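Close look at the chain arrangement
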Amino acid sequence: MRPSPLRADVKPVSLIERKLLHLGLKDPQDFVVHLPIRYEDETRIVPIVSLRAGQTAQVEGQVVRSEVQFRPRRQLFALIEDGTGELALRWLNFYPSQHKQLAVGKRVRVRGDVRAGFSGCEMVHPKVTTAGGDLPNALTPVYPTTNGLMQSTLRRAIDQALNEADLSDTLPPEICARYELVPFAQAIRVLHHPPPDVSYSDLIEHGHPAWRRIKFDELLAQQLSLAAARAARLKQRAHPLAGNGGLVAALLRQLPFALTAAQERVVAEIRHDLSQSFPMHRLLQGDVGSGKTVVAALAAAQAIASGSQVAIMAPTEILAEQHFQKLAAWLEPLGVEIVWLTGSINAKARRQVAEAMASGQAQLIIGTQALIQDKVVFAHLDLVVLDEQHRFGVGQRLQLSRKGEAGSDALIPHQLSMSATPIPRTLAMTFFADLDVSVIDELPPGRSPVLTKLVADTRRDEVMSRVVDEIRLGRQAYWVCPLVEESEVLQLQTAVDTHARLVQALPDLRVGLVHGRLKSADKACVMQDFRDGRIDVLVATTVIEVGVDIPNASLMVIEHAERFGLAQLHQLRGRIGRGTVQSVCVLMYQAPLSQIARQRLRAMYETADGFEIARRDLEQRGPGEFLGVRQSGLELLRFASLETDARIVLQAQDAAREMRADFPAQAQAHLARWMRGKQDFLRT
Ligand code: ADP
Ligand code: MG
């Protein structure tokens, strides 16, 4: 290895710089918009008599007692008084120097959280300085920080940046005037150093005009970048896949059912997008069981009829296999070449599949993440479909699409993402990607809603006999094992134990088991047995959470339902209610329930509507977690909140349109200020 040449312009990065970088702070612009999460009021000294438990306060007084006590444990104890009252101070860990600082007779300034003590108020581990120093004339900001980076360091760095950075306004005066926005520089200065007369609750709850300006700026930047991403996409080129109508029509004739009106509508939207010469970027939302697979099949048929290859990627092997079976049954009779590729097929089969894909002989390729491995090569991939797209990371979504860009003609594949997790409207409007959304808002006819029951696990016996009754009627049941998130081994053990217990308790029934550690061939075998009715009760882990479609299964028992997330419960429950008979979902729980768990189970009991579930889930988890973007390390919004700032979202949308049309230079400057470091993501 050659030594890297020394370069004078590259300074070594100090520990502090590294910590700052960790917070995304590099250039003055970054520091300027690193805004406080709260403030401390060090501008005032208050009389001890006015202290109330729960507040943070600063007092001055004279030390009247100071000693190391040993009961209930070793601690430094001091008592100060200021003429209005006495205040006790305690330290459980302390240095000898602190003891000296608190010698009887000294006058000290003390700052800390007030709590109720044995006799009157006390502070534990307060900050102590000598009394009588200058008081600051602005509230002291407290910034989001990272382990080992002190507030004082951060404050100094930010104050320095405030002097260096360009704080000029990126908004034209007419826009500021129309939306009653204070100037950027003013907003920034107020938020970093609020004068003491500012309403503290306005600052904290982001209601102050300075915050309104910041939130507007943030949302505007988001809207501008969405619009820019969209404009860029319209300039990209893709194969127009108009099809010839023949294959699609043949597939429709072949189906054992007629499309619902909602399916017809989304199929038309996709048909139109595919025939354009720029890439489609569409999200298909439809509740569990609404029939998204057939929509994907119709899109695939249109692309294949245009001479293209199509890839469908599913998050689990079970789902990929199911798609393969279903689509093969529909399309192979029409002469379409279908292959499937997962991590576990053997080397020989894999070679054959790879050849068929690379030569273009395979027209439809169905698989798992195995599709995005480096070695995998397509001949002319023009449409990618991601089923259960929320289960894939941003990077994975991008990788599949890149598979189609390999050729020299730089054509981008069309992309269809499918999800049962509906993104609420406000979220969709500010979602960090340029997506068109199609919605299937209707279930196929003849479904009766699933009946959901909450049952304490002390009534397990009743649940068992319920299972027996259901099987006697010729139906089938899922028994979902409790989630053990901490350990995969424990999870597996739980599944095996649950299976053994059920086998014993239900001697007349055929009980099967499927979990993630089974070999794929065995997994496939169990699923096939269940599908063909050779298994009555399928004990399963969450491997069956998404996509599995076995209409004869009409009962689902979920053990320890309180351990599952709301979206997960909804997905699981979506495995039943797919036939025409009344289905029942039993959520077995173990008391006592936490507040959150109670809310979740109540939501499941009260509604079966995916949109409503999503709304509540969003409420409980927040947008980052909800969309699964947190794992990508990207915050959606730092300052604005979609729940409370819906009005600003709309204003920002209008302003974005106007700025792009009439003030392109300012729009650019605005993006540069707010979107630093995020540009990469926008390209996806
Ligand atoms: P999801 O949207 O959850 O992916 P699927 O595509 O698995 O739903 O469809 C659920 C079930 O409904 C499947 O058995 C499918 O064949 C059936 N189905 C889809 N569309 C219709 C329809 N228009 N009429 C009747 N059954 C349908
Ligand atoms: Mg599905």
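Please read these numbers as outputs of a predicted model, since none were measured by experiment. (Residues numbered from 1 in each chain as written. Chains lettered and ligands numbered in written order. Predicted model: local features only at pLDDT ≥ 70, side-chain atom pairs only at ≥ 80, totals over all residues. Heavy atoms only, no water.)

1. Here we look at the nonpolar core
Among the nonpolar cores identified, the biggest contains 52 residues, and Ile214, Phe216 and Leu220 are the most heavily contacted of them. Counting residues per element, the ones that place at least two in this core are helix H2 (28-32), helix H4 (151-164), helix H5 (173-178), helix H6 (184-192), helix H8 (209-235), helix H23 (646-662) and helix H24 (664-674). When residues in this core are grouped by element, the largest group, eight residues, is from H8. Residues contacting Phe216, with those up to four places away along its chain left out, are Leu171, Ile175, Tyr179, Leu181, Ile648, Gln651, Ala652 and Ala655. The next biggest cluster of nonpolar side chains, apart from the first, holds 39 residues, and it includes Ala262, Ala297, Val310 and Phe324. (Core = buried A, V, L, I, M, F, W, Y, C linked by side-chain atoms within 4.5 Å. Buried < 20%, exposed > 50% of the residue type's maximum accessible area, 1.4 Å probe, protein only. Helix = DSSP H or I, 4+ residues; strand = E, 2+ residues; numbered from the N terminus. Contact = heavy atoms within 4.5 Å.)

2. Notes on the pattern of salt bridges
Enumeration according to the criterion identifies 31 salt bridges in this entry. A salt bridge links Glu658 to Arg178; the shortest N-O distance between them is 2.8 Å. Highlighted residues: Glu658 in helix H23 and Arg178 in helix H5, separated in sequence by 480 residues. A network of salt bridges, in which partner residues are shared, links Arg38, Glu40, Glu42, Arg111 and Lys127. (Salt bridge = Lys/Arg side-chain N within 4 Å of Asp/Glu carboxyl O.)

3. Points about the UniProt feature "domain: Helicase C-terminal" (unreviewed entry) in the chain
Per the UniProt record, "domain: Helicase C-terminal" (unreviewed entry) is found at residues 463-619. For residues 463-619, the end-to-end C-alpha separation is 32 Å, with 45% helix and 16% strand making up the annotated structure. (UniProt positions renumbered as here; feature names shortened; annotations may be inferred.)

4. Some remarks on H24
Where H24 is concerned, the buried positions are Ala667, His670, Leu671, Arg673 and Trp674. For H24, the angular spread of the buried residues around the axis is 160 degrees, confining them to a single face. Exposed side chains of H24 directed beyond 90 degrees from the buried face belong to Pro664, Ala665 and Gln668. (Arc of directions from axis to C-beta.)

5. Things to note about the environment of Met357
Along the chain, Met357 falls in helix H13 (residues 347-359). When its relative accessible area of 1% is taken as the criterion, Met357 is described as buried. Considered as a pair, Met357 and Ile304 are 53 residues apart in the sequence and their alpha carbons are 13 Å apart.

6. Focus: the domain arrangement of the chain
Here the chain is partitioned into domain 1 (1-41 + 152-237 + 651-684), domain 2 (44-130), domain 3 (246-440) and domain 4 (451-607). Summarising the inter-unit geometry, the C-alpha centres of domain 1 and domain 4 are found 48 Å apart. (Domains from an automatic or database assignment.)

7. Regarding the site of ligand 1
Ligand 1 sits among 17 residues. The nearest are Gly289, Lys292, Thr293, Arg447 and Asp549. At a separation of 3.4 Å, an oxygen atom of ligand 1 approaches a polar backbone atom of Ser290. In terms of residue class, the shell around ligand 1 is made up of five nonpolar, six polar and six charged. (Near = heavy atom within 4 Å. Polar contact = N/O pair within 3.5 Å; in protein donor to acceptor, adjacent residues only side chain to side chain. Nonpolar A, V, L, I, M, F, W, Y, C, P; charged D, E, K, R; others polar.)

8. Quick notes on the packing of H8 against H23
Their axes nearest at 8 Å, the elements H8 and H23 cross at an angle of 55 degrees. One element, H8, and the other, H23, form an angle in the oblique class. Here the hand of the crossing between H8 and H23 comes out right-handed. Counting all contacts with H8, which are made through Arg212, Lys215, Phe216, Leu219, Leu220, Gln223, Leu224, Ala227, Ala228 and Ala231, the residues of H23 involved are Ile648, Val649, Gln651, Ala652, Gln653, Ala655, Ala656, Met659 and Arg660. Across the contact of H8 with H23, the residue classes tally to 13 nonpolar, three polar and three charged. (Axes fitted to C-alpha atoms, helices over the stretch in contact; angles between N-to-C directions. Parallel < 35°, antiparallel > 145°, perpendicular 65-115°, else oblique. Left-handed = near helix turned anticlockwise from the far one by under 90°.)

9. Focus on the packing of H23 against H24
In a packed pair of helices, the relevant descriptors are the angle between the two axes and the axis-to-axis distance. Taken N-terminus to C-terminus, the directions of H23 and H24 make an angle of 125 degrees; their axes are 6 Å apart at the nearest point. Relative to H24, the element H23 lies oblique. Counting all contacts with H23, which are made through Met659, Arg660, Ala661 and Asp662, the residues of H24 involved are Pro664, Gln666 and Ala667.

10. A word on the sheet that holds strand E20 (residues 553-558)
The parallel open sheet is built from six strands, whose spatial order is E16-E21-E20-E17-E19-E18. Lying at the two open borders of the sheet, with one neighbouring strand each, are strand E16 (451-456) and strand E18 (511-514). Within this sheet the neighbouring strands show an average axis-to-axis angle of 20 degrees, counted without direction. Relative to strand E21 (residues 584-589), E16 runs parallel, the two sharing six bridges. The residue bridging Thr452 from the neighbouring strand is Cys585, located in E21. Contacting E16 and E21, helix H20 (residues 595-606) runs over the sheet at an angle of about 145 degrees to E16. (Pairing = 2+ DSSP bridges.)

11. Structural notes on the state of the cysteines
Simply put, the disulfide is a covalent bond whose two ends are the sulfur atoms of two cysteines. Throughout the structure, instances matching the rule amount to zero disulfides. For Cys525, which is in no disulfide, the shortest distance to another cysteine sulfur is to Cys481 and amounts to 19 Å. Of all cysteine sulfurs, the one in Cys481 lies closest to Cys585, which takes part in no disulfide; the gap is 14 Å. On the accessibility criterion, Cys585 (0% relative accessible area) is buried. (Disulfide = S-S within 2.5 Å.)

12. Regarding the confidence of the model for the chain
When pLDDT is averaged along the chain, the result is 87; 92% of the residues meet or exceed 70. With pLDDT under 50 throughout, residues 1-8 is counted as low confidence; its partners more than four residues away or in other chains account for zero contacts. Ignoring residues within four places in sequence, the model shows residues 680-684, a span with pLDDT below 50, making nine contacts including any to other chains. (pLDDT = per-residue confidence, 0-100.)

13. Overview of the packing of aromatic side chains
According to the stated counting rule, one finds five aromatic pairs in the structure shown. Their ring planes at 15 degrees and their centres at 5.7 Å tell us that Phe324 and Trp340 sit as a pair that is stacked. Residue Phe324 is located in helix H12 (residues 317-331), and its partner Trp340 is located in strand E11 (residues 338-341); the two are separated by 16 residues in the primary sequence. Given the relative accessible area of 21%, Trp340 is considered partly exposed. On the basis of an interplanar angle of 65 degrees and a centroid distance of 5.2 Å, the ring pair of Tyr478 and Phe530 is categorised as edge-to-face. Residue Tyr478 is located in strand E17 (residues 476-480), and its partner Phe530 is located in helix H18 (residues 520-531); the two are separated by 52 residues in the primary sequence. According to the relative accessible area criterion, Phe530 is buried, its value standing at 0%. An aromatic cluster is defined as three or more aromatic residues linked by ring pairs; in this entry it consists of Trp211, Phe639 and Trp674. Positioned above the aromatic ring of Phe184 is the side chain of Arg673, whose terminal nitrogen or guanidinium carbon lies 3.8 Å from the ring centre. (Phe/Tyr/Trp six-rings, centres within 6.5 Å; stacked < 30°, edge-to-face > 60°. Lys NZ or Arg CZ within 6 Å of the ring centre and 35° of its normal.)

14. A closer look at the sheet that holds strand E12 (residues 364-367)
The strand order E11-E12-E10-E13-E14-E9-E15 describes an open sheet built from seven strands, whose pairing is parallel. Here the strands that pair on one side only, and so sit at the sheet edges, are E11 and strand E15 (436-440). Adjacent strand axes in the sheet meet at a mean angle of 20 degrees when their direction is disregarded. Direction of pairing for strand E10 (residues 309-313) relative to E12: parallel, over a ladder of four bridges. Directly across from Ile312, in E12, lies its bridge partner Ile366. Each of strand E9 (281-286), E10, E12, strand E13 (381-386), strand E14 (414-419) and E15 is contacted by helix H11 (residues 293-305), which is oriented at about 175 degrees to E13, the strand it contacts most. In the packing of H13 onto the sheet, the strands contacted are E10, E11 and E12, and the crossing angle to E11 comes to about 125 degrees.

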